[in-house]
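Reading the structure
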Amino acid sequence: MSWEENVRRVTPYTAGEQPGQKNVIKLNTNECPYPPAPGVEKAAAELDCERLRLYPDMNAEKLVNALAGYYHVKPEQIFVGVGSDDVLAMSFMTFFNGDKPILFPDITYSFYDVWADVFRIPYQTCALDTRFRIRMEDYLQPNGGIVIPNPNAPTGVLEDVEMFEEILKKNPDSVVIVDEAYVDFGGRSMIPLIGKYENLMVVQTFSKSRALAGLRIGFAVADEKLIRYLKDVKFSFNSYTMNMPAIELATAAILDDAYFKEIVGKIIRTREWTKEQLRRLGFSFEDSRSNFVFATHPEVPAQELFAALRAGNIYVRYWKKPRIDNYLRITIGTDEQMRTLVLFLENYLKER
Ligand code: PMP
């Protein structure tokens, strides 16, 4: 027998490229085009390096308290982790431990099936309709749990909170995770409903609207009982997930709310401008309420456009996957970056 027979074999998640060169317009991983809040920069300058000698606060109390204050929930209703990827992975491990398949959309964040595979969780995908909308009935079948992003990725489509409430009510025996990675760009968060549904877990991130992808910070808000179970698994895995600088700087980001609102507003305005321009160039897309647009062109294959843009040092995201292989996911950058993108596409379409 070879040791290889005992290996947990998995096909890993493929993250968007992080190109080495500086002169690239990077619209491929939904990062924020603006720097973190001035409050974060100040907190970074004041970091006490002597404290790095010690282990960090394993409960990240400072950050948990700041989040609890900001979202008007109890600290016991919050869990923090190393990006929402960490929070989601821990949640899959904790809550999806039955024999029935968990459910998520066929077109969605492509890490869900990877976690299901690595933790040996059975899963079933539910097809979005032709306009990339969730078909609520799909989530009323027997299941071992549900996870749906709102707005969805990579489509950008936002569903009503009422639809999620219906799913929650009809699935009292399942944990329902709503991944709100992009909710700050025009969605309605389900956090205010935490007290109402014991089986609801909302996950958010500091990587997009709070301009801190590099620090890796995410969090979950849920009923205290859910959070307790989640912590039990976390503390059975790694006590010190969040490092001291991450805890300090994320707290500073939460406290600098004026800046947060300013950059989110700017990104929304740039998104609306970008939509108009893409429409003018013949692209079509469902309405996005996120910091990206998922667009297709009737004449030019997405894969060709992706390659042309890349050669022009503009990076967007493309998946060679069923149903979405003629779409590009374009992150909303600064006004100047989006003007460059639009000009490039205009010239390309003209000269082709
Ligand atoms: N959920 C969704 C829907 C995402 O698109 C992403 C970003 N790749 C994440 C979660 C994870 O983000 P992070 O780990 O940076 O918080």
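What you are looking at is a predicted structure, and each value in this text was computed from that prediction instead of being measured.

Take the overall build of the chain next. Regarding its fold elements, the chain presents 10 helices and 11 strands. Relative to the globule expectation of 20 Å for 352 residues, the C-alpha radius of gyration of the chain, 21 Å, shows essentially globular dimensions. In terms of principal-axis extent, the alpha carbons of the chain reach across some 60 × 55 × 50 Å. Relative to its full complement of 352 residues, the chain shows a buried share of 53%. Of the charged side chains in the chain, 42 are positive and 48 negative; the average position of the first set lies 2 Å away from that of the second.

Our focus in this paragraph is a nonpolar patch on the surface. A surface patch of nonpolar side chains, amounting to about 420 Å² of accessible area, comprises Tyr55, Met58, Phe235 and Tyr240. Secondary-structure assignment places Tyr55 in the loop between helix 1 (38–45) and helix 2 (61–71). Using a relative accessible area of 67% as the deciding quantity, one classes Tyr55 as exposed.

Once that is clear, we can look at the packing of helix 2 against helix 7 (residues 244–255). At their nearest, the axes of helix 2 and helix 7 sit 8 Å apart, and the two run at 15° to each other. Between helix 2 and helix 7, the angle is such that the two are roughly parallel. Where helix 2 crosses over helix 7, the handedness of that crossing is left-handed. Every residue of helix 7 that contacts helix 2 at Lys62, Leu63, Ala66, Leu67 and Tyr70 is listed here: Ile247, Glu248, Ala250, Thr251 and Ile254.

Right, let's talk about empty space enclosed by the protein for a bit. As enumerated under the stated definition, the model contains one cavity of 30 Å³ or more in all. Approximately 50 Å³ is the volume attributed to the largest cavity. Tallying contributions element by element places helix 8 (residues 257–280) first for the lining of the largest cavity, with three residues. For the lining of the largest cavity, the per-class residue count stands at six nonpolar, one polar and two charged.

Turning our attention to the site of the ligand. Taken together, 13 residues sit near the ligand, with Ser84, Asp179, Tyr182, Thr205 and Ser207 positioned nearest. Here an oxygen atom of the ligand sits 2.6 Å away from a polar atom, N or O, in the main chain of Ser84. Within the side chain of Asp179, one N or O atom sits 2.6 Å away from a nitrogen atom of the ligand. Protein contact buries 92% of the 400 Å² of open area that the ligand shows by itself. Under a 2 Å grid-point criterion requiring more than half of the atoms, the pocket assigned to the ligand is the largest pocket.

We now examine the side chain of Asn291. For Asn291, the position within the fold is in the loop between helix 8 and strand 9 (292–295). There is a polar contact of 3.0 Å between the side chain of Asn291 and the backbone oxygen of Asn30. Leaving out residues up to four positions away in the same chain, Asn291 has contacts with Asn30, Glu31, Tyr182, Phe185, Lys208, Ile267, Ile330, Thr331 and Ile332.

Let us now look at the pairing of strand 8 (residues 218–222). With respect to burial, strand 8 is a largely interior element, five of its five residues being buried. By the alternation rule, side chains of strand 8 split into Gly218, Ala220 and Ala222 and Phe219 and Val221, which are all buried. Inspection of the sheet shows strand 2 (residues 78–81) paired to strand 8 by four bridges, in the antiparallel sense. The partner of Phe79 across the bridge, within strand 8, is Ala220. Bridging between strand 7 (residues 200–205) and strand 8 involves five bridges; their strand directions are antiparallel. Looking at the pairing, Thr205 lines up with Gly218 of strand 8.

The contact between helix 1 and helix 7 brings their axes to 8 Å, and the two run at 150°. One way to sum up the angle between helix 1 and helix 7 is to call them roughly antiparallel. Both helix 1 and helix 7 take part in a crossing whose hand is right-handed. Contacts between helix 1 and helix 7 involve Gly39, Val40, Ala43 and Ala44 from the former and Leu249, Ala252 and Ala253 from the latter.

Both faces of strand 11 (residues 328–331) are covered, namely the face carrying Leu328 and Ile330 and the face carrying Arg329 and Thr331. Across four bridges, strand 9 lies against strand 11 in antiparallel orientation. Each bridged residue has a counterpart across the sheet, and for Val293 the counterpart in strand 11 is Ile330.

Under the domain assignment used here, the chain contains domain 1 (16–35 + 258–351) and domain 2 (38–255). With centres defined by C-alpha atoms, the gap from domain 1 to domain 2 works out at 26 Å. Across the boundary between the two partners, domain 1 contributes 28 residues, which contact 29 residues of domain 2. Carbon and sulfur atoms supply 61% of the area buried between domain 1 and domain 2, which totals about 2200 Å² over both sides. Applying the counting criterion to the domain 1 and domain 2 interface returns two salt bridges.

Definitions and limits used
- Residues numbered from 1 in each chain as written.
- Predicted model: local features only at pLDDT ≥ 70, side-chain atom pairs only at ≥ 80, totals over all residues.
- Heavy atoms only, no water.
- Helix = DSSP H or I, 4+ residues; strand = E, 2+ residues; numbered from the N terminus.
- Rg over C-alpha atoms; globule rule 2.2 N^0.38 Å.
- Buried < 20%, exposed > 50% of the residue type's maximum accessible area, 1.4 Å probe, protein only.
- Lys, Arg positive; Asp, Glu negative; His and termini not counted.
- Charge placed at Lys NZ, Arg CZ, Asp CG, Glu CD.
- Patch = residues over 30% accessible without salt bridge, like charges linked within 9 Å, V, L, I, M, F, W, Y side chains within 5 Å.
- Areas by Shrake-Rupley, 256 points an atom, 1.4 Å probe, with all protein chains shown as cover.
- Salt bridge = Lys/Arg side-chain N within 4 Å of Asp/Glu carboxyl O.
- Axes fitted to C-alpha atoms, helices over the stretch in contact; angles between N-to-C directions.
- Parallel < 35°, antiparallel > 145°, perpendicular 65-115°, else oblique.
- Left-handed = near helix turned anticlockwise from the far one by under 90°.
- Contact = heavy atoms within 4.5 Å.
- 1 Å grid on protein atoms, 1.4 Å probe; cavity = no way out; pocket = protein on both sides within 12 Å on 5 of 7 lines; lining within 4 Å.
- Points joined across faces, edges and corners; volume = space filled by probe spheres on them.
- Nonpolar A, V, L, I, M, F, W, Y, C, P; charged D, E, K, R; others polar.
- Near = heavy atom within 4 Å.
- Polar contact = N/O pair within 3.5 Å; in protein donor to acceptor, adjacent residues only side chain to side chain.
- Sits in = over half its atoms within 2 Å of the grid points.
- Pairing = 2+ DSSP bridges.
- Domains from an automatic or database assignment.
- Buried area = accessible area lost by both parts, 1.4 Å probe.

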